[in-house]
Amino acid sequence: MIRLVGDKSIKNGIYKTKDILSLAKEREMDLVEINPKLIPPVCKILDYKKYLYEQKKRKKQFKAKQVKVNTKEIRFGPQIGDHDGKVKLKSAEKFLMRGDKVKVFVFFKGRSIVYKEQGKIKLLKFAEDIEKYGKVEQMPIMEGKRMYMIISPKKF
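Model, not experiment: these values are computed from the prediction.

Caption draft 1: The pattern of salt bridges, seen in detail. What the rule picks out here adds up to 3 salt bridges. Between K101 and E137 there is a salt bridge whose closest N-O contact spans 3.1 Å. Linking K101 in strand β6 (residues 101-107) with E137 in strand β7 (residues 134-143), this pair joins segments that are 36 residues apart in sequence. Taking relative accessible area as the criterion, K101 reaches 24% and is therefore assigned partly exposed.

Caption draft 2: View of the nonpolar core. Counting residues in hydrophobic clusters, the biggest one holds 19 residues, and the most contacted among them are F76, F126 and I130. Of all elements in the fold, only β5 (71-76), α3 (82-98), β6, α4 (116-129) and β8 (146-153) reach the threshold of two or more residues within this core. Of all the elements, α3 adds the most residues to this core, at 4 residues. Not counting residues up to four positions away in its chain, the partners in contact with F76 are K88, V104, F105, V106, F107, K122, L123 and F126. Residues L4, A24, C43 and I45 belong to the second largest nonpolar core, which totals 8 residues.

Caption draft 3: Region of the structure containing the packing of aromatic side chains. Here the structure, examined in full by the defined rule, presents 2 aromatic pairs. Positioned above the aromatic ring of F107 is the side chain of R75, whose terminal nitrogen or guanidinium carbon lies 4.5 Å from the ring centre. The aromatic ring of F105 is capped on one face by R146, whose charged end is 4.1 Å from the ring centroid.

Caption draft 4: Local environment of α4. Helix length check: α4, at 14 residues, gives a terminal C-alpha distance of 20 Å against a target of 20 Å (1.5 Å per residue), a fit within 8%. Turning to α4, its buried residues number three or more, namely G119, L123, F126 and A127. Along the axis of α4, the buried residues cluster in a sector spanning 100 degrees; they form a single face. Structural note: α4 exposes E117, I121 and E128 on the side pointing more than 90 degrees away from its buried face. Looking at the buried positions of α4, the neighbouring elements they touch are β5, α3, β6, β7 and β8.

Caption draft 5: Fine view of α3. The end-to-end C-alpha separation of α3 is 25 Å, in line with the 24 Å expected for 17 residues at 1.5 Å each. The set of residues buried in α3 consists of L89, A92, E93, F95 and L96. Looking straight down α3, one finds its buried side chains confined to an arc of 165 degrees; they lie on one side. Exposed side chains of α3 directed beyond 90 degrees from the buried face belong to H83, K90, K94, M97 and R98. Contacts from the buried residues of α3 go to β5, β6, α4, β7 and β8.

Caption draft 6: Region of the structure containing a nonpolar patch on the surface. Where nonpolar side chains cluster on the molecular surface, the patch consists of I113, V114, Y115 and M142 and spans about 340 Å² of accessible area. Relative to the helices and strands, M142 resides in strand β7. For M142, a relative accessible area of 32% puts it in the partly exposed group.

Criteria and cut-off values
- Residues numbered from 1 in each chain as written.
- Predicted model: local features only at pLDDT ≥ 70, side-chain atom pairs only at ≥ 80, totals over all residues.
- Heavy atoms only, no water.
- Salt bridge = Lys/Arg side-chain N within 4 Å of Asp/Glu carboxyl O.
- Helix = DSSP H or I, 4+ residues; strand = E, 2+ residues; numbered from the N terminus.
- Buried < 20%, exposed > 50% of the residue type's maximum accessible area, 1.4 Å probe, protein only.
- Core = buried A, V, L, I, M, F, W, Y, C linked by side-chain atoms within 4.5 Å.
- Contact = heavy atoms within 4.5 Å.
- Phe/Tyr/Trp six-rings, centres within 6.5 Å; stacked < 30°, edge-to-face > 60°.
- Lys NZ or Arg CZ within 6 Å of the ring centre and 35° of its normal.
- Expected span 1.5 Å × (residues − 1).
- Arc of directions from axis to C-beta.
- Patch = residues over 30% accessible without salt bridge, like charges linked within 9 Å, V, L, I, M, F, W, Y side chains within 5 Å.
- Areas by Shrake-Rupley, 256 points an atom, 1.4 Å probe, with all protein chains shown as cover.

Right, dumping it as structure tokens:
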């Protein structure tokens, strides 16, 4: 005995296996077991190859709709000049316009670790200047000899 579901011509219910198998062969379709754990097991009559094709197609469409977000890095020192900062800002704007996230970090070499506050100020100034194109996802964090923050693109 099996429980048949999802068939329009036959009422859902419990039937003998050989009756349903002969019905499936008549229609040139397959009898597919949906849930074998239930008593009686749940089955459905369908074209299995067509079902697999549709699942593959649906999966492909779902994958196409997903947007892959890349993370670009921009690095500078705590005592970067104004012009150099503007160049870095322009490249960050370009990345954000493309839809990428930007990880901006200040790298402290040797004794420049003394200028932690200066590095944080530079990062916050950078975030303020780029506010038109992106929003700060993560505020400045110190990690080893780096202080970084993450900026994600704004939805236009």
